[in-house]
Amino acid sequence: MEKIILTGDRPTGKLHVGHYAGSLKRRVELQNSGEYDKTYIMIADAQALTDNFDNPEKIRQNIIEVALDYLSCGIDPSKSTIFVQSQIPELTELTFFYSNLVTVSRLQRNPTVKSEIKMRNFEASIPVGFFTYPISQAADITAFKATTIPVGEDQLPMIEQTREIVRKFNSIYDEVLVEPDVILPNNKACMRLPGIDGKQKMSKSLGNCIYLSDTEKDVKQKIMSMYTDPTHIQVSDPGHIEGNTVFTYLDAFSKKEHFEEYLSDYNNLDELKEHYQKGGLGDVKIKKFLNNVMQEELAPIRKKRAEFEKDIPGVYEILKNGSERARETAAQTMAEVKNAMKINYFEDEELIKNQSTKYSEK
Ligand code: TRP
């Protein structure tokens, strides 16, 4: 069986280092590993519209931002198909047929949808489109027979629901769909990178993000203002590592070589942590180190972005070509689905013949 990667993001804003650590970086590695037959990266605009239906301009503006972020991180259109969800009508068609296989109570139990409903104050009246987006996500994945979904932890319930739909479809109709597996980040700190204010999640509305497109100066400013340990007042005070954003970021991004290059008093992160906990290590020093680490990671991305920004029509062309290619694959799966569901009336000569015989014998 072919090994196929599919993943995507909602274009509701520019991508930040949380997206990068949690998924983007891994996608690029997987894309370049040579272990996969195909890679699909989807800009999930239709899903973004399920809770932004009243603000289509926002989604429209952010398609190009997300595309630029992808390309600048190293998603390579000659290796990966980058496409826009809404341009693949088969995805909507599949969603409609899959919705027969899912109950309302099953959707209500989806923990990610549950918490999103709370966050958006949708409790009183949930838009149907939003409520059912896990079904549409199952269509995204299965249309490409994806085997491997590199995403963050919050997407696990979606993949679980997809697997249930696949099993149900295959058992009722025919073995057409493929059950996907998840690849989670391999580093715990990368799973849920907090915002610079130490809050749980990086989010645009909280204003606590470091964006991939931020300037060198912005990044430095944000890091120097990062939340650390409120009980660490004097340099000599013992400090805490747990919940200390600077250390969470160092866990996610620092490598041994960074110490040799920028902070040679320490051999590794463990030594740095030990000193901080003992007392005698100031926040400014660890923040400056983190800034060096982050700038090293982000500088090549920034440079590549600047190149792609010079040819915006070219970037739209990449999305258009990708969407055309993606559509061919989705149409192929759609045909198989229709066959399995026996809604292929006009392609089925056998059916037409049998019906004729039935009536000629009357
Ligand atoms: N739900 C994902 C998110 O919010 C985006 C997404 C849509 C996706 N369809 C997908 C991710 C299919 C993986 C596979 O980030």
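The text that follows walks through the structure, step by step, so that each part is easy to find. (Residues numbered from 1 in each chain as written. Predicted model: local features only at pLDDT ≥ 70, side-chain atom pairs only at ≥ 80, totals over all residues. Heavy atoms only, no water.)

### Focus on the overall build of the protein
Regarding its fold elements, the protein presents 17 helices and five strands. For the protein, the proportion of its 362 residues judged to be buried stands at 49%. Contacts spanning at least 24 positions in sequence make up 76% of the contacts within the protein whose residues lie at least 6 apart. In the protein, 47 side chains carry a positive charge and 55 a negative one; their mean positions are 3 Å apart. (Helix = DSSP H or I, 4+ residues; strand = E, 2+ residues; numbered from the N terminus. Buried < 20%, exposed > 50% of the residue type's maximum accessible area, 1.4 Å probe, protein only. Contact = heavy atoms within 4.5 Å. Lys, Arg positive; Asp, Glu negative; His and termini not counted. Charge placed at Lys NZ, Arg CZ, Asp CG, Glu CD.)

### Notes on the side chain of Arg26
Among the secondary structure elements, Arg26 is positioned in helix α1 (residues 17–33). Although Arg26 lies buried, it forms no salt bridge, and the closest oppositely charged side chain, Glu29, sits 4.3 Å away as judged by the N-O distance. Apart from residues no more than four positions distant in its own chain, Arg26 is found in contact with Ile183, Leu184, Pro185 and Asn186. (Salt bridge = Lys/Arg side-chain N within 4 Å of Asp/Glu carboxyl O.)

### Side note on the packing of aromatic side chains
This structure, assessed with the given rule, holds 12 aromatic pairs. Measuring from centroid to centroid gives 5.7 Å for Phe96 and Phe97, while their planes differ by 65°, and the two rings are edge-to-face. What makes Phe96 exposed here is its relative accessible area of 60%. With a relative accessible area of 18%, Phe97 lands in the buried category. (Phe/Tyr/Trp six-rings, centres within 6.5 Å; stacked < 30°, edge-to-face > 60°.)

### With respect to the environment of Thr142
Topologically, Thr142 is positioned in helix α8 (residues 133–143). According to the relative accessible area criterion, Thr142 is buried, its value standing at 0%. Once the C-alpha coordinates of Thr142 and Val166 are considered, the two residues, 24 residues apart in sequence, prove to be 7.8 Å apart. In this structure, Thr142 is in contact with Tyr98, Thr162, Val166, Leu177, Val178 and Thr333, ignoring residues within four places of it in sequence. Within the structure, the side chain of Thr142 is placed 2.8 Å from the side chain of Tyr98, a separation counted as a polar contact. (Polar contact = N/O pair within 3.5 Å; in protein donor to acceptor, adjacent residues only side chain to side chain.)

### Focus on unusual backbone geometry
Peptide bonds are trans in most cases, and residues, glycine excluded, mostly fall at negative phi. For Asn121, which is not a glycine, the phi torsion comes out positive at approximately 55°. Residue placement: Asn121 occurs in the loop between α6 (111–119) and α7 (128–131).

### With respect to the layout of surface pockets
Empty space within the largest pocket amounts to approximately 1700 Å³. What lines the largest pocket is a set of 50 residues, and nearest its centre among them are Arg10, His19, Glu116, Asp154 and Lys201. Looking at the lining of the largest pocket, the elements that each hand over two or more residues are β1 (4–9), α1, α6, α8, α9 (156–172) and α10 (188–191). Reported here for the second largest pocket is a volume of approximately 420 Å³. Around the second largest pocket, the lining is made up of 16 residues, and of these Ala189, Arg192, Pro194, Gly243 and Thr248 lie nearest the centre. Counting only elements with at least two residues in the lining of the second largest pocket, the list comes to α10 and α12 (245–253). Here the element with the most residues in the lining of the second largest pocket is α12; it accounts for four residues. Across the lining of the second largest pocket, the residue classes break down as five nonpolar, six polar and five charged. For the lining of the second largest pocket, the domains that each give at least three residues are domain 1 (4–192 + 312–353) and domain 2 (216–308). (1 Å grid on protein atoms, 1.4 Å probe; cavity = no way out; pocket = protein on both sides within 12 Å on 5 of 7 lines; lining within 4 Å. Points joined across faces, edges and corners; volume = space filled by probe spheres on them. Nonpolar A, V, L, I, M, F, W, Y, C, P; charged D, E, K, R; others polar. Domains from an automatic or database assignment.)

### Quick look at the packing of helix α4 (residues 89–98) against α8
The interhelical angle for the contact between α4 and α8, taken along N-to-C directions, is 120°, at an axis separation of 8 Å. Comparing their axes, α8 and α4 come out oblique. Two packed elements cross with a definite hand, and for α4 against α8 that hand is right-handed. When α4 is examined against α8, the residues Leu91, Leu94, Thr95 and Tyr98 are found in contact with a partner set consisting of Ile135, Ser136, Ala138, Ala139, Asp140, Thr142 and Ala143. In the contact of α4 with α8, the residues fall into seven nonpolar, three polar and one charged. (Axes fitted to C-alpha atoms, helices over the stretch in contact; angles between N-to-C directions. Parallel < 35°, antiparallel > 145°, perpendicular 65-115°, else oblique. Left-handed = near helix turned anticlockwise from the far one by under 90°.)

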